[in-house]
There are 2 protein chains.
Amino acid sequence: MLKNLRNMAVVGTGLMGASLGLAAKRAFAQLRIWGADDKPQALEEALRIGAIDEAVPMGKVVEADLLCLAMPMRYLPKILEQLGPALNQGVLWMDVGSSKQNVLAQVKAFFGHVPARFVPCHPMAGNERTGALAARADLFAGSKLLLVPHEGLAAQARAEVTAFWQALGSQVLEMEAKEHDEVLAFTSHLPHLLAFALANALEGESQRLCAGMGPGFFSFMRLAKSEPSLWEDICMANKEALLGAMERYQSELCRLRAALEEEPKGQALLKLLGQAHQRRQAW
Amino acid sequence: MLKNLRNMAVVGTGLMGASLGLAAKRAFAQLRIWGADDKPQALEEALRIGAIDEAVPMGKVVEADLLCLAMPMRYLPKILEQLGPALNQGVLWMDVGSSKQNVLAQVKAFFGHVPARFVPCHPMAGNERTGALAARADLFAGSKLLLVPHEGLAAQARAEVTAFWQALGSQVLEMEAKEHDEVLAFTSHLPHLLAFALANALEGESQRLCAGMGPGFFSFMRLAKSEPSLWEDICMANKEALLGAMERYQSELCRLRAALEEEPKGQALLKLLGQAHQRRQAW
């Protein structure tokens, strides 16, 4: 089918949707990209940078050979309402949301089952910027793509979406939805919360602290540049797994603090830092 | 005096000492760099990359026009023993350690006062690498240098060291020792511990989690690549301020967790993330 991919629709032409458009056009020479977005400015920017060829009404996106939902996942219920049964009747579609159990549950609640040609995806790519103007054609090159199969997933849909991402330069890995959400709670959602928490811990101190901000601080704090409403959305969608990750993290912090407090000679602290460093180096 | 700077000695020819050598040679054409280090390999590497011109015995470093202590600060008592009274009799010297009250207390305990030509310094530069082979001549260019004056500091020593760092491209800011340690607890020591703690929270999960590690994760975790013994040293030296910072951070985490747990609609979480984001953007 990929050879016959004539057009692809993206719903949401922000950083992710516009990067998908640019990347897909580079990978498939004849491909036309349709964009749909509630915000006229988002569409205009995506058109201006050539990430989409055409702005289309929402109802038209289901006519594409491939449809990608790239808007914030809090709009999923609304989009399901708008697109309705067409998503259950042949169109090949995927999402690129950061949590998966929640998406699958909403889709299942809407249709009574998960459509066979819906392929939940999560590209391990992106950055703290937002909007089409931050889009990059190489955003997915060399990155991992987590594909989350479900019971009713059609083999052809799975194969086609896999081939699509591979053509964009991604390494496709499959992962169950529950596993995905647990893993991402630790590797993405928790680190974001930790960076946001540090910014809040510096409340009222900013001016005084500026002199002490070096490159390590800014590297650590990159995640706190991310869009709050997007991350509220992601965190709430993966609440259970994230709470588990936070609890585990908090007890690690307590161990470090106890080591710092209780051991005048730093042996316990050194042991904990040594373990952490070894683990980090292994990745 | 800077015009007459003929030679500079560095004690400790790791990343920091060797970068200082390279940077100083670039800034002062005629300057010769002497290096002293307990580890023959460290000296050899520093010689090989041209960061020092000559390896000298420890006793000789006090004969330099400018002496910089760039070894891990846990060796300070031993170095004070070795160099002794010469540090109190004319030589212009500085350290580049990450905490300052502790250094001043040790120096004062040794001499009964802080020598007039000792200038405590802390360059806001460096990275997670170690050793002379990671040294860079431009490590200090465009970075901040925190200079920590003390009661008995000679005006000339202060001016000379300021001019030295400015010649290396640093912006020199002055800060009291207590203030310095409180600030750095938040902007450097705490973030390091937070990254180390996350690595430990992933214990036994590494393989499973690898698929979910994206660019944001690695940016956040850069600090956990830092050398454990160096950071044990730094954290223990700034224990009191760091414990205060940890306590404040832990209560921020509790607030975030409560917002995630208690508010089904995410309003409280959004508010906290929004505050954090705004603060981050202001820097």
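Cut-off values and rules
- Residues numbered from 1 in each chain as written.
- Chains lettered and ligands numbered in written order.
- Predicted model: local features only at pLDDT ≥ 70, side-chain atom pairs only at ≥ 80, totals over all residues.
- Heavy atoms only, no water.
- Helix = DSSP H or I, 4+ residues; strand = E, 2+ residues; numbered from the N terminus.
- Contact = heavy atoms within 4.5 Å.
- Areas by Shrake-Rupley, 256 points an atom, 1.4 Å probe, with all protein chains shown as cover.
- Buried < 20%, exposed > 50% of the residue type's maximum accessible area, 1.4 Å probe, protein only.
- Salt bridge = Lys/Arg side-chain N within 4 Å of Asp/Glu carboxyl O.
- Patch = residues over 30% accessible without salt bridge, like charges linked within 9 Å, V, L, I, M, F, W, Y side chains within 5 Å.
- Lys, Arg positive; Asp, Glu negative; His and termini not counted.
- Charge placed at Lys NZ, Arg CZ, Asp CG, Glu CD.
- Buried area = accessible area lost by both parts, 1.4 Å probe.
- Polar contact = N/O pair within 3.5 Å; in protein donor to acceptor, adjacent residues only side chain to side chain.
- Nonpolar A, V, L, I, M, F, W, Y, C, P; charged D, E, K, R; others polar.
- Pairing = 2+ DSSP bridges.
- Right-handed = clockwise from strand over helix to strand, strands pointing away.
- Phe/Tyr/Trp six-rings, centres within 6.5 Å; stacked < 30°, edge-to-face > 60°.
- Lys NZ or Arg CZ within 6 Å of the ring centre and 35° of its normal.
- Axes fitted to C-alpha atoms, helices over the stretch in contact; angles between N-to-C directions.
- Least-squares fit on C-alpha atoms with pLDDT ≥ 70 in both.
- Core = buried A, V, L, I, M, F, W, Y, C linked by side-chain atoms within 4.5 Å.

**Points about the overall build of chain A**
Move 1: Check the secondary structure of chain A and you find eleven helices and eight strands.
Move 2: If you line up chain A on its principal axes, its C-alpha atoms span 70 × 40 × 30 Å.
Move 3: The long-range fraction of contacts in chain A, counting pairs at least 24 apart against all pairs at least 6 apart in sequence, stands at 74%.
Move 4: Surface summary for chain A: the accessible area is close to 11,100 Å², and the carbon and sulfur share equals 50%.

**A short note on the environment of alanine 224 of chain A**
Move 1: Residue placement: alanine 224 of chain A occurs in the loop between α8 (215-221) and α9 (228-237).
Move 2: Accessibility expressed as a relative area gives 0% for alanine 224 of chain A, which makes it buried.
Move 3: Ignoring any residue separated from it by four or fewer positions in sequence, one finds alanine 224 of chain A in contact with Ala195 and Phe196 of chain A together with His277 and Arg280 of chain B.

**What to know about the pattern of salt bridges**
Pairing between side chains becomes possible if they bear opposite charge and their charged atoms approach one another.
Move 1: Scanning the model with the defined rule gives 30 salt bridges over all chains in all.
Move 2: Salt-bridge contacts for aspartate 53 of chain B lead to lysine 25 of chain B; the nearest nitrogen and oxygen are separated by 2.7 Å. In this pair, aspartate 53 of chain B sits in the loop between α2 (40-48) and β3 (54-55) while lysine 25 of chain B sits in helix α1 (residues 15-27), placing the two residues 28 residues apart along the sequence.
Move 3: Among the residues examined, lysine 25 of chain B registers a relative accessible area of 26% and is labelled partly exposed.
Move 4: In this structure, lysine 78 of chain B and aspartate 38 of chain B form a salt bridge, with 2.7 Å as the shortest nitrogen-oxygen distance. Of this pair, lysine 78 of chain B sits in helix α3 (residues 76-83) while aspartate 38 of chain B sits in the loop between β2 (32-36) and α2; the two residues are 40 residues apart in sequence, bridging distant segments of the chain.
Move 5: Relative accessible area serves as the criterion here: at 40%, lysine 78 of chain B is assigned to the partly exposed category.
Move 6: What emerges from the salt-bridge pattern is a single network uniting Lys178, Glu179 and Glu182 of chain A together with Arg208 of chain B.

**Observations concerning a negative patch on the surface**
Move 1: A cluster of acidic side chains, namely Glu240 of chain A together with Glu261, Glu262 and Glu263 of chain B, defines a negative patch on the protein surface.
Move 2: By secondary structure assignment, the location of glutamate 263 of chain B is in the loop between α10 (239-262) and α11 (267-282).
Move 3: For glutamate 263 of chain B, a relative accessible area of 32% puts it in the partly exposed group.

**A few points about the interface of chain A and chain B**
How big an interface is tends to be reported as the loss of accessible area on association of its parts.
Move 1: At the interface, 84 residues of chain A touch 84 residues of chain B.
Move 2: Across the chain A to chain B interface the summed buried area is about 8,300 Å²; carbon plus sulfur atoms make up 65%.
Move 3: Three residues, Leu260, Arg280 and Trp283 of chain A, lead the burial of chain A against chain B; their summed loss comes to 9% of the area buried on that side.
Move 4: Linking chain A with chain B are six salt bridges.
Move 5: Salt-bridge contacts for arginine 208 of chain B lead to glutamate 179 of chain A; the nearest nitrogen and oxygen are separated by 3.1 Å.
Move 6: Summed over the shared surface of chain A and chain B, the number is 31 residue pairs in polar contact (both at pLDDT 80 or more).
Move 7: Those elements that provide at least two residues to the side of chain A that touches chain B are β7 (144-147), α6 (177-201), α7 (206-209), α8, α9, α10 (239-262) and α11 (267-282) of chain A.
Move 8: Looking at the side of chain A that touches chain B, its residues break down into 48 nonpolar, 16 polar and 20 charged.

**A closer look at the pairing of strand β1 (residues 7-11) of chain B**
Residues and elements named next belong to chain B.
Move 1: Among the five residues that make up β1, five are buried, leaving the element largely enclosed by the rest of the structure.
Move 2: On β1, burial covers both faces: Asn7, Ala9 and Val11 on one face and Met8 and Val10 on the other are all buried.
Move 3: Two elements, β1 and β2, share five bridges in a ladder whose sense is parallel. Residue pairing in the sheet places asparagine 7 in a bridge with arginine 32 of β2.
Move 4: The handedness of the β1 to β2 crossover, carried by α1, is right-handed.
Move 5: Of the strand pairs in this sheet, β1 and strand β4 (residues 66-69) are connected by four bridges, and their pairing is parallel. Counted as the bridge partner of methionine 8 is leucine 66 from β4.

**Looking at the packing of aromatic side chains**
Move 1: Per the stated rule, a full pass over the model turns up 13 aromatic pairs over all chains.
Move 2: A ring pair is formed by tryptophan 93 of chain B and phenylalanine 118 of chain B, whose centres lie 4.1 Å apart and whose planes are at 25 degrees; its orientation type is stacked. With a gap of 25 residues between them, tryptophan 93 of chain B in strand β5 (residues 93-95) and phenylalanine 118 of chain B in strand β6 (residues 118-123) connect regions that are remote in the sequence.
Move 3: Under the relative-accessibility criterion, tryptophan 93 of chain B is labelled buried at 0%.
Move 4: Residue phenylalanine 118 of chain B is classed as buried on the basis of its relative accessible area of 0%.
Move 5: Grouping aromatic residues by their ring pairs yields a cluster made of Phe28, Phe140, Phe164 and Trp165 of chain A.
Move 6: Sitting above the plane of the tryptophan 34 of chain A ring, lysine 60 of chain A keeps its charged end 4.6 Å from the centroid.

**A word on the sheet that holds strand β7 (residues 144-147) of chain B**
Residue and element names in this part refer to chain B.
Move 1: Spatially, the eight strands line up as an open sheet ordered β3-β2-β1-β4-β5-β6-β7-β8, and their pairing is mixed. The open sheet has two free edges, formed respectively by β3 and β8 (171-174), since each of these has just one partner strand.
Move 2: Strand direction decides the pairing type here: β4 and β5, joined by three bridges, are parallel. Bridging from a neighbouring strand, leucine 67 pairs with tryptophan 93 of β5.
Move 3: Packed on one face of the sheet, α1 meets β1, β2, β4 and β6 and runs near 165 degrees to β1.

**Considering the relation of the copies chain A and chain B**
Move 1: Aligned on chain B, chain A shows an RMSD of 0.0 Å; the corresponding rotation is 180 degrees and the shift along the axis is 0.0 Å. Classification of the inter-copy transformation places it as that of a two-fold axis. Measuring from the rotation axis to each C-alpha of chain A, the shortest distance belongs to phenylalanine 220 of chain A, at 2.2 Å.
Move 2: A high fraction, 100%, of the interface residues of chain A reappear at the interface in chain B, so the copies pair face to face through one surface.

**Some words on the nonpolar core**
Move 1: One finds Tyr249 of chain A together with Tyr249 of chain B to be the most contacted residues of the largest nonpolar core, which totals 87 residues.
Move 2: Apart from residues no more than four positions distant in its own chain, tyrosine 249 of chain A is found in contact with Leu190 and Leu194 of chain A together with Leu194, Ala197, Leu198, Ala201 and Leu253 of chain B.

**Considerations on the environment of cysteine 121 of chain B**
Residues and elements named next belong to chain B.
Move 1: Position of cysteine 121 among the secondary structure elements: in strand β6.
Move 2: When the C-alpha positions of cysteine 121 and glycine 97 are compared, they lie 7.0 Å apart, and in sequence the two are 24 residues distant.
Move 3: With sequence-adjacent residues up to four places away left out, cysteine 121 is seen in contact with Met94, Asp95, Val96, Gly97, Lys100, Leu145, Leu146, Val161 and Trp165.

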